[in-house]
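Descriptive analysis of the structure
The lines below spell out each chain.
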Amino acid sequence: MHVLTLTGSDAPSLAAGLGGFRLILHVLAATIWVGGQFTVLGLLPTVRTFGVDAPKKVARAFGRLLWPAYALLVVTGFWNIAALTVKDASSAWKTVLMIKITVVVITGVAVFLHQRSTSKRGLAIWGTIGAVASVAALCLGVFLAG
Ligand code: HEM
């Protein structure tokens, strides 16, 4: 995060105004997309005791939160890029950004296919790919933020 340093190059400093707001939105959306998947996974054994169609109902309700969060991640992600002087970034930083965008596409497609899976196998495979790629996107984001 490119911020106004107060004293000395490594001194921690406050995020500046709009930049801080931009990252707050990005991280908030990430907490819903990434954290939400693991929360629902953890609640599933209990949800199953509420009836055979309870998991489907909870998944559908979660989907109504999930996709707006994904959309916010993509919008604030490109806002992040627009706000940073990417042309001056190292080739390593640019490579990590490209890998991250690829991973974000993979997590979106995998979660979409998971939601439409009709087999236990499809649910498990696409659900796992979606969750692992989500965590990877989070990790790559933290490295990008510097
Ligand atoms: C599943 C989707 C995504 C997740 C979970 C995610 C997560 C994160 C996290 C946790 C950070 C670090 C914030 C910090 O440490 O302050 C971050 C930063 C960043 N993300 Fe994402 N992100 C996602 C999608 C995207 C997309 C689609 C883009 C670009 C199109 C993007 C571009 C960036 C950039 C450029 C930064 C660095 C921001 C800065 O230093 O100001 N992210 N992301």
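Let us look at the structure shown here. A quick note: this is a predicted structure, and the numbers were derived from the prediction, not measured. (Residues numbered from 1 in each chain as written. Predicted model: local features only at pLDDT ≥ 70, side-chain atom pairs only at ≥ 80, totals over all residues. Heavy atoms only, no water.)

Some remarks on the site of the ligand
Quick note on the threshold: By convention in this text, a residue qualifies as near a molecule or strand provided that one of its non-hydrogen atoms is within 4 Å of it. Whenever two N or O atoms come within 3.5 Å, that pair is a polar contact, provided that in protein one can donate a hydrogen and the other can accept it, and provided that, for residues adjacent in sequence, both atoms are side-chain atoms. Points on a 1 Å grid over protein atoms alone make up a cavity when a 1.4 Å probe fits among them but cannot get out, and a pocket when they form an open set with protein on both sides within 12 Å along at least five of seven lines; lining residues each have an atom within 4 Å of a point. Whether a molecule lies in a cavity or pocket depends on its atoms, and more than half of them have to be within 2 Å of the grid points. Under the scheme used here, helices are H or I runs from DSSP no shorter than 4 residues and strands are E runs no shorter than 2 residues, and both carry numbers assigned from the N terminus.
Near the ligand lie 23 residues; those nearest to it are Arg-22, Leu-23, His-26, Lys-100 and Ala-145. The contact in question runs from an oxygen atom of the ligand to an N or O atom on the side chain of Arg-22, over 3.2 Å. Note that a nitrogen atom of the ligand is positioned 2.5 Å from one of the side-chain N or O atoms of Lys-100. Applying the majority rule of atoms within 2 Å of the grid points places the ligand in the second largest pocket. Elements represented by at least two residues in the shell around the ligand include exactly helix H1 (17-48), helix H2 (54-83), helix H3 (91-115) and helix H4 (120-145).

Structural notes on the layout of surface pockets
For clarity, the threshold we go by: Grid points are joined across faces, edges and corners, and a volume is the space filled by probe spheres set on the points. All amino acids are sorted into three groups, where Ala, Val, Leu, Ile, Met, Phe, Trp, Tyr, Cys and Pro are nonpolar, Asp, Glu, Lys and Arg are charged, and the leftover types, Gly among them, are polar.
For the largest pocket, the calculated volume is near 1100 Å³. Those elements that provide at least two residues to the lining of the largest pocket are H1, H2, H3 and H4. The residue inventory of the lining of the largest pocket, partitioned by class, reads 14 nonpolar, 10 polar and six charged. Of the voids in this model, the second largest pocket is the one considered here, and its volume is about 700 Å³. As for the second largest pocket, its lining consists of 30 residues, of which His-26, Gly-77, Asn-80, Lys-100 and Gly-141 are closest to the centre. Of all the secondary structure elements, the ones that give two or more residues to the lining of the second largest pocket are H1, H2, H3 and H4. In the lining of the second largest pocket, the residues fall into 21 nonpolar, seven polar and two charged.

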